[in-house]
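Listed below, chain by chain, are the residues.
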Amino acid sequence: MSSYIDCVIDTRPMAQEIDSVSNHIKGTTAAVVAMQAAVIKAENDAADHVCDNVNKGFYALIHSQISQKIAKLQSEVDSHLMKLNQLRKQLIGIKSRMERDYGMISGRYIKLFNGINKNLQVRVYELDKPTIKFAVKEITAISNRPKLLTSTVPVVQAETLAISQRILASNMKNRGALVIETMYEFLNQMKEQKELTDRIMLRSNKTEADACYAIPVIYSESNYDRFGNVRTEVFVSKDCLEQRSQDSVKNVMVAHAPEMNWSKEAIDPEVKSEFNKLLSAANTSDRVKEMANSLFLANEYETIK
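Within each chain, residues carry numbers counting from 1 in the order of the written sequence. Predicted model: local features are reported for residues with pLDDT of at least 70 only, side-chain atom pairs are reported and counted for 80 or more only, and whole-chain, interface and lining totals are derived from all residues. Neither water nor hydrogens contribute to the side-chain values; these are computed over all heavy atoms in the structure.

A.B. asks: Got a minute to help me understand the overall build of the protein in this structure?
C.D. replies: When helices and strands are counted, the protein shows seven helices and four strands. Comment: elements are numbered from the N terminus, with helices defined as DSSP H or I runs of at least four residues and strands as E runs of at least two. The helix and strand sequence of the protein, counted from the amino end, reads α-α-α-α-β-β-α-β-α-α-β. Partly exposed describes any residue whose relative accessible area lies between the buried limit of under 20% and the exposed limit of over 50%, with all areas from a 1.4 Å probe on protein chains only and scaled to the type maximum. Relative to its full complement of 305 residues, the protein shows a buried share of 5%. In what follows, residue pairs with any heavy atoms lying within 4.5 Å of each other are defined as contacts. Here the analysis covers contacts within the protein between residues at least 6 apart in sequence; of these, 47% occur between residues at least 24 apart. Only the protein chains shown count as cover for residues, with accessible areas throughout obtained via the Shrake-Rupley method and a probe of 1.4 Å. Carbon together with sulfur atoms contributes 60% to the accessible area of the protein, which is approximately 26800 Å² in total.

A.B. asks: Can you help me understand the pattern of salt bridges in this one?
C.D. replies: Charged atoms that come close allow side chains of opposite charge to pair. A pair is scored as a salt bridge if a Lys or Arg side-chain nitrogen falls within 4 Å of a carboxyl oxygen belonging to Asp or Glu. Under the definition given, this model contains one salt bridge. Between Asp45 and Lys41 there is a salt bridge whose closest N-O contact spans 3.1 Å. Here Lys41 and Asp45 lie together in helix α1 (residues 12-127), a separation of four residues that amounts to about one turn. The exposure class assigned to Asp45 is partly exposed, which follows from its relative accessible area of 39%. In this structure Lys41 comes out as exposed when scored by relative accessible area, which is 52%.

A.B. asks: What is the right way to read a nonpolar patch on the surface from this model?
C.D. replies: There is a patch of nonpolar side chains on the surface, built from Met104, Ile105, Tyr109, Phe113, Ile116 and Leu120 and spanning about 570 Å² of accessible area. Structurally, Ile116 is set in helix α1. Only residues whose relative accessible area exceeds 30% and that form no salt bridge enter a patch; like-charged residues are grouped when within 9 Å of one another, and nonpolar side chains (Val, Leu, Ile, Met, Phe, Trp, Tyr) when within 5 Å.

A.B. asks: In this structure, what is going on with the side chain of Thr182? I would like to understand it.
C.D. replies: By the secondary structure assignment, Thr182 is in helix α4 (residues 158-200). Apart from residues no more than four positions distant in its own chain, Thr182 is found in contact with Pro130, Phe134 and Glu138.

A.B. asks: Even after reading the chapter, I still don't get the side chain of Gln246, so can you show me in this structure?
C.D. replies: Mapped onto the elements, Gln246 comes out in helix α5 (residues 243-256). The class of Gln246 is buried, set by a relative accessible area of 4%. Ignoring any residue separated from it by four or fewer positions in sequence, one finds Gln246 in contact with Val236, Ser237, Lys238 and Leu241.

A.B. asks: Would you mind going over the packing of helix α6 (residues 269-281) against helix α7 (residues 286-298) with me for this structure?
C.D. replies: When two helices pack together, you describe them by how their axes are tilted relative to each other and by the distance separating the axes. Their axes nearest at 11 Å, the elements α6 and α7 cross at an angle of 165 degrees. Accordingly, the angle class assigned to the pair α6 and α7 is roughly antiparallel. Here α6 and α7 pass one another in a crossing that is right-handed. Facing α6, whose interface residues are Val271, Lys272, Phe275, Asn276, Leu279 and Ser280, α7 presents Lys289, Ala292, Asn293, Phe296 and Leu297. Ten residue types, Ala, Val, Leu, Ile, Met, Phe, Trp, Tyr, Cys and Pro, are classed as nonpolar, four, Asp, Glu, Lys and Arg, as charged, and the remainder, Gly among them, as polar. A per-class count over the contact of α6 with α7 returns six nonpolar, three polar and two charged. Angles run from 0 to 180 degrees between N-to-C directions of axes, and those axes are lines fitted to C-alpha atoms, restricted for helices to the stretch in contact. Every angle not falling under 35 degrees, over 145, or within 65 to 115 is termed oblique; those three ranges are roughly parallel, roughly antiparallel and roughly perpendicular. Should the near helix be turned counterclockwise from the far one by less than a right angle, the crossing is left-handed, whereas a clockwise turn marks it as right-handed.

Pasting the structure below:
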């Protein structure tokens, strides 16, 4: 049989406890929310810090690389600049040395050509001395005759004027006599040269068949090694002979050379005079000239009989 038990239970303590648990839950919820906000803020700060450090590291790396490239290029530029300065100094030294060499060589050649010009002038003057004397001295005197033979102003007595006119006339006659004498010497020289040329040149009526030519030939023998082997050479003038005639003269000379009789003779005065002229005109030192002269005098000459 069922029974019904009516009892009263007080729920306030449980409600109070539940109410206190609810308050704790609310505090825990607020703490969780605050902790979540702090975590999010910490994550954001950490992300910003990492980004800042990454940016700083990237900029530092780029700056370091650029600085290294600048230092490398600067060192290359400095090395090239030093090399260019060294080359510049070498070029300046070469330029100064070339200027000195040019001055020395030009001075040497100027001296040489001046000596040659003087020697040629003297030789040309000696070739036709009367003509050059007439052209250089007499023509100048004739051109200056109006200046040399000017009349004086008649401010003196008649006797003195007559004497001065006689002096001028005698001076004119003297100069005319010198001109006539110079012309006479010139014409005489021309006549002598014409006679000498006529004696030297061949007659026009002679044919080539019966003509006789004197051809200068140089027969040379030289030792070209220490065993005494002799080399023979024949030189013929190429001005008036054809190649076939030259070969013929050389063959005859080589064939008859062993039969020629050579005899020692003294040095010809004309050869010695010409050698002395060439030696005096040479642009060499006195020591070389003395050695050449001693070798020339010590040499023995032989001619064909």
